[in-house]
Amino acid sequence: MLFLRLGLRLVSARPACRPRRYSTPAGLTALINRVAPEATVGVREAVLWPGRPDMCRLAEDAQGLHLAATLGDDQVIGVVSLFVDGAAARFRKFAVLEAHRGAGVGSRLLQAAEAEAASAGAAHIDCDARAEMAAYYEKRGYAAAGPPFAKYADSEQLYATMRKPLDDDE
């Protein structure tokens with residue numbers, strides 16, 4: 001496996017959810033699995049913070065559950081990291097390589113993170129979405145949970161906290 005050749009390890013050999021085949025633009029199959037935090041960094045940097053590896057690792061990565069969409073050759077094409085604290089869940093660093101967008105890979109990663117959060121007892125799931133991506137989350141049942149804000153002092157990028165209930169009580 002590529003993960004092993006790169007010195008990375010799978011956290012769990014089982015898929016995070018029922019395996020589902022995705023048609024990628026190249027006609028390949030993608031699966032979602034739990035992975036070690038290190039397996040997420042390459043896609044995080046390529047999509048979210050090109051040239052800024054310092055922004056691609058989280059201090060709390062060791063406490064998170066990390067999911068990756070991989071192709072048959074174990075090439076990571078999408079990632080999301082989930083952090084659950086009681087009834088609250090938050091996902092961070094959600095990214096899909098540009099060549100694989102529009103094929104349902106991101107939606108399936110998001111569904112897997114939501115299922116993992118609900119399974120862990122979370123009542124809702126949040127993320128800090130880039131403001132221009134708010135519509136993506138709204139189409140998937142999320143709503144803004146506050147006004148847009150600047151998250152990083154050295155960036156003009158605005159973010160919006162998006163929230164989705166995971167049970168019928170909210």
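Below is a summary of the structure that appears in this document. For clarity, every value in this text was computed on a predicted model and none was experimentally measured. (Residues numbered from 1 in each chain as written. Predicted model: local features only at pLDDT ≥ 70, side-chain atom pairs only at ≥ 80, totals over all residues. Heavy atoms only, no water.)

**Some points on the nonpolar core**
For soluble globular proteins, the rule of thumb is that nonpolar side chains tend to be buried together. Threshold: Among buried residues, the Ala, Val, Leu, Ile, Met, Phe, Trp, Tyr and Cys ones that are joined through side-chain atoms within 4.5 Å form a nonpolar core. Only protein chains enter the accessibility calculation, which uses a 1.4 Å probe. A residue is then buried if its area is under 20% of the maximum for its type, exposed if over 50%, and partly exposed in between. Runs of H or I in DSSP of at least four residues are treated as helices and runs of E of at least two as strands, each being numbered from the N terminus. A contact between two residues is defined here by any heavy atoms of the two lying within 4.5 Å.
Of all hydrophobic cores here, the largest spans 42 residues; its most connected members are F91, L109, Y137 and M162. The biggest single contributor to this core is helix α3 (residues 105-119), with 6 residues. If sequence neighbours within four positions are ignored, L109 has contacts with I32, L67, A68, A69, G78, V79, V80, F94 and V96.

**A few points about the packing of aromatic side chains**
This is how it is decided: A pair of aromatic rings is counted whenever rings of Phe, Tyr or Trp (Trp by its six-membered ring) have centres within 6.5 Å, and the orientation is called stacked for planes under 30 degrees apart, edge-to-face for over 60 and tilted otherwise.
With the rule as written, the count across this model stands at 10 aromatic pairs. Pairing Y137 with Y142 gives two aromatic rings, centres 5.7 Å apart and planes at 75°, and the pair type is edge-to-face. With centroids separated by 6.0 Å and ring planes inclined at 80°, the aromatic side chains of Y152 and Y159 adopt a geometry described as edge-to-face. Exposure class is identical for Y152 and Y159. Each is buried.

**Some remarks on the pairing of strand β4 (residues 88-96)**
In plain terms, the rule: By the convention used here, strands pair only if DSSP detects at least 2 bridges between them. A crossover counts as right-handed when, viewed with the strands pointing away from the observer, the path leading from the first strand over the helix to the second turns clockwise.
Across the 9 residues of β4, 7 count as buried, placing the element largely inside the fold. Pairing of strand β3 (residues 76-85) with β4, which is carried by 7 bridges, proceeds in the antiparallel orientation. What sits directly across from S81, in β4, is R92. Relative to strand β5 (residues 124-130), β4 runs parallel, the two being bridged by 3 bridges. Counterpart to A89 in the pairing with β5 is I125. Remark: the β4/α3/β5 crossover connection has right-handed handedness.

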